[in-house]
Amino acid sequence: MKLVVRSHFSMTTACLLLLWICGSTAHAAMTAHPLAPPDTSSPRATLTTFLDEMNRAVQRYKADDHPAAKGHVERAMRCLNLAKEPESVRYVLGFYSALYLKETLDRMEIPPLGQIPDRKALEAEKSSVWTLPKTEITIAGVKDNSGIEGFLFTPDTVRNTELFYEKVRLLPYKPGCVGAMYEQFNESAGSIFPKRLIERFPGWLRKGIWGQAVWQWASLGVFLLVGIATVFLIHRHGTAVLGVLDSRTGRRFRSTVGGLILPVALILFAQSGLWFIVYGLHFLQAAVYVPVAMVFLSISYLGTIWLIGACLSRAASFVIAMGRFAADGTQATLIRLCFDVVTAVLVVATAVTLGARLGLPTYSLVAGLGVGGLAVALAGREALSNLIGTIMILLDQPFKVGDFIVVGDGDRGTVTEIGVRSTRIRTRDGILVSIPNSSVSNMRIVNESAPVSEVRIRLPVTAAYGSSLDGVEQAILSACKGCEYVACDQAPSVRLVRFGDSALEFQLLVWIVRPEFRGRATNQINRAICDEFRKRGIEIPFPQRDIRIRENEQA
C-alpha cells in the first residue's frame, strides 16, 4: 500500500515538474520569439498554452502591469474558437470567456499531462475532439484558410463558460491555483478611475447590479448625459461659428461644412462610448456589454451613413460647379443621379457590415437576394422601368429643364424638373403635369425650344376680293413691326395661299421669341392686323352666298 501511494505521489510530482518545465520552456520561447503564435497543435498543447498564458496574466496583473496582463489574456484568447460570435463583441466575449474558463479550470481536476492526447494520439484514434472528463469543456480541431489544423475550445464551450463558472464558483481552488482574479478584475477600475479611489468608495457604490458595480452604472449615466450635451453644443456653436465666417469672408462654409458637424460628432460620441465602457469602466460582462455596445455601434454606423450621404451630395454639387453646368440642367441631374447611385451602394454596404458586426445574417440575406431578385423585379417593374426611362432621357437628352415640349398628342408645356421617377411640365394654364419617365421615353417628343428658342408660327388672314394684294401684304407686315413677341432677327413673310369662296386667303409666317408666347403673340398680331386694315380701308369679308329665286313661268 505504501508502495502504491509512493508511486502515485512520485508520478504526480513528476507530472507537476514536467508541467513546470514545459511552462518555463514556453515562457522562454515566447520571450525569445514574441511574435510566435500560441501553440494549439493538439488538445494537450492548447490546454497547456491557455493555462500558462492566463497564469502569467494573473502574475502581471498582481504586479500592476496591466498592459502585459492584457497581452497574455489576448494570447490565451487565441485558444478559443470565436468564429461564430458577432464581430462587434468578439473581443469582449473572448476576454471574459478566458477569465471564466480559467476560474473554472482552477477549481477542477485536470488529468495528468500524459493522459491528455497530443496530435499523434488523436491521429491514432482518428479523432479530432477531446473533452475534459466529467465536463462539457471540449477542444476540437479547426482548419484555417491555409488548411493547417489547430485545436481550440469549441464555440459551445466558449458560450457556456459563464454557466460553468456559476456552477463551480463556490468550490475552493486547487492547491497552487489562484484563478483569474475575476472578481477583483470585474470590480476594478479601468484606465480612468485609480484603484485607490475605487477602494475609498462606500459599500453601496461597489454593490453589484446586473454584474456591474453601482459606480460603473453611475459613470455610464454621467457619460451619456455629458456626451449628448457635448454633441448638441458642438452642433449648435459650430454652426454659429461657420455663420460668422460666412458673414466675414463672403464664403458658404455653413451650407457646405455645417451639415457635416452633427454626423462627425455622433461618430466620435459612439466610438468614445465603446472605448469608455470597455477600457474605462471594465463593462465586460456579455449580458451587459452586448446591448450597450450595440447601441453605441448602431449610432456610429448611422452617423457614418449620414456622413457618406452628406459628403457625396456636396461632392456632386462641387463637380457641377467646377463643370459650370446649370444647376437645374440635364448634365447636373445626371451627375446627381450617379452620385445617388454611389451613395445607395455605400449605404447598403455599410448596413450589411453593421448587420454582420451585430451578428445578423446579412450576408446570407444578400446571397438570398439573388433568388428573390426576380420576384422583387416583377413587383417593382414600374419603378425599375421609370428608372431606366430616366437614364435614357438623361443620356439621349431630347429636352432639358426649361424647354417647351409637346409630349405625344396632348400635354404641352415647359419642363420644370426631370426626376428619378417622372418628368414634370408646367402647361400654359399654370398646371403642373407629372408624366412617368417610362412613358416619356417611349412617346413622340416635340421640343419647340431646340435647337433655338425662336419658333415660327403661321397665322391665316383674309381680305375681300378687289383688295390690292400689295396693300394687304404691306398692312400685315406693318402690323408685325409693333409686336414685342416677334423676333427681330427673322423677317416675317406673307403668302397668298388660295382663293376662297368669299375672300382672298393669305398666310402670315412670323418668328416669335419663345414658343410659350404663341398665344400672346397670336392675339397681339391679330389685333394689330385688324387695326391696320381699318386704317387702310381693307375689308375683312365674312362668308356670304347669293341666292336667286326664279318665278314659275306658268304663273
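About the cut-offs
Counting restarts for each chain, with residues numbered from 1 along the sequence as it is written. Local features in this predicted model are restricted to residues whose pLDDT is 70 or higher, and side-chain atom pairs enter the listing and the counts only when it is 80 or higher, whereas totals over whole chains, interfaces and linings include all residues. To get the side-chain values, take all heavy atoms of the structure and skip hydrogens and water. Helix and strand definitions follow DSSP, with helices as H or I runs of at least four residues and strands as E runs of at least two, each counted in order from the N terminus. Here, Shrake-Rupley sampling with a 1.4 Å probe gives the accessible areas, and only protein chains in the shown set may cover a residue. The patch calculation keeps residues exceeding 30% relative accessible area without a salt bridge and links them within 9 Å when they carry like charges or within 5 Å when they are nonpolar (Val, Leu, Ile, Met, Phe, Trp, Tyr). Salt bridges are identified by distance alone: a Lys or Arg side-chain nitrogen within 4 Å of an Asp or Glu carboxyl oxygen. Only protein chains enter the calculation, and the probe is 1.4 Å; a residue is then buried if its accessible area is under 20% of its type maximum, exposed if over 50%, and partly exposed in between. To form a nonpolar core, buried Ala, Val, Leu, Ile, Met, Phe, Trp, Tyr and Cys residues must be joined to one another through side-chain atoms within 4.5 Å. What makes two residues a contact is simply this: any of their non-hydrogen atoms within 4.5 Å. By this definition, two strands are paired if DSSP reports at least two bridges between them. Interaxial angle, 0 to 180 degrees, is taken between N-to-C directions of lines fitted to C-alpha atoms, where a helix line uses only the stretch in contact. Confidence of the predictor at the level of single residues is given by pLDDT, which spans 0 to 100. Any N or O atom pair separated by 3.5 Å or less is treated as a polar contact, with the protein-specific requirement of one donor-capable and one acceptor-capable atom, and with residues adjacent in sequence counted only for side-chain atom pairs. The pairing test for Phe, Tyr and Trp rings, Trp by its six-membered ring, is centres within 6.5 Å, and the orientation test on the planes gives stacked under 30 degrees, edge-to-face over 60, and tilted for anything in between.

Concerning the overall build of the protein
Logical step 1: Counting its secondary structure elements, the protein contains 19 helices and 13 strands.
Logical step 2: For the protein, the exposed area adds up to about 33100 Å²; of that, 60% sits on carbon and sulfur atoms.

Some remarks on a nonpolar patch on the surface
Logical step 1: Among the surface-exposed residues, L387, I391, L395 and V420 lie close enough to one another that they form a single nonpolar patch of about 320 Å² accessible area.
Logical step 2: Along the chain, I391 falls in helix α16 (residues 381–396).
Logical step 3: Judged by relative accessible area, I391 falls into the partly exposed class, the value being 34%.

Some words on the nonpolar core
Logical step 1: The biggest cluster of nonpolar side chains holds 28 residues, and the ones touching the most others in it are L47, F50, M54, L80, L105, I137 and F153.
Logical step 2: Those elements giving two or more residues to this core turn out to be α2 (43–62), α3 (66–77), α4 (87–105) and β3 (149–153).
Logical step 3: Not counting the four nearest positions on each side in its chain, L80 is found in contact with F50, G94, S97, A98, L101, L152, F153 and V158.

Some points on the sheet that holds strand β9 (residues 432–436)
Logical step 1: Read across the open sheet, the 5 strands follow the order β9-β8-β7-β6-β10; overall the sheet is antiparallel. Looking at the sheet topology across the chains shown, the edges are occupied by β9 and β10 (445–447). Taking each pair of neighbouring strands and ignoring which way they run, the sheet shows an average axis angle of 40°.
Logical step 2: Where strand β6 (residues 404–407) and strand β7 (residues 412–418) come together, 3 bridges link them in antiparallel fashion. Across the sheet, V406 pairs through a bridge with R412, a residue of β7.

Let's talk about the pattern of salt bridges
Logical step 1: In total, this model carries 14 salt bridges according to the counting rule given.
Logical step 2: R60 is paired through a salt bridge with D65; the nearest N and O atoms lie 3.0 Å apart.
Logical step 3: Here R60 falls in the partly exposed class, since its relative accessible area comes to 33%.
Logical step 4: What makes D65 partly exposed here is its relative accessible area of 25%.
Logical step 5: One salt-bridge network, held together by shared partners, links D52, E53, R56 and R75.

Describing the confidence of the model for the protein
Logical step 1: When pLDDT is averaged along the protein, the result is 78; 80% of the residues meet or exceed 70.
Logical step 2: The element-level mean pLDDT for the protein is lowest in helix α1 (residues 2–32), coming to 40, with strand β1 (residues 129–131) highest at 91.
Logical step 3: Taken as a whole, residues 1–32 scores under 50 in pLDDT and shows 12 contacts with residues more than four places along the chain or in a different chain.

What to know about the side chain of N81
Logical step 1: Here N81 lies in the loop between α3 and α4.
Logical step 2: Residue classification places N81 among the buried positions, given a relative accessible area of 15%.
Logical step 3: Side-chain polar atoms of N81 contact the backbone nitrogen of A83, separated by 3.3 Å.
Logical step 4: Excluding anything up to four places from it in sequence, N81 contacts V142, L152, F153, T154, P155 and V158.

Structural notes on the packing of aromatic side chains
Logical step 1: Summed over all chains, the structure comprises 8 aromatic pairs.
Logical step 2: Ring centres 5.8 Å apart and planes at 10° place the aromatic pair F223 and F269 in the stacked group. In this pair, F223 is assigned in helix α10 (residues 214–249) and F269 in helix α12 (residues 258–280), connecting sequence segments 46 residues apart.
Logical step 3: Using a relative accessible area of 9% as the deciding quantity, one classes F269 as buried.
Logical step 4: Ring plane angle 70° and centroid distance 6.1 Å describe the contact between F223 and F296, whose orientation is recorded as edge-to-face. Remark: F296 occurs in helix α13 (residues 286–322) and F223 occurs in helix α10; sequence separation between them is 73 residues.
Logical step 5: Judged by its relative accessible area of 17%, F223 is buried.
Logical step 6: For F296, a relative accessible area of 3% corresponds to the buried category.

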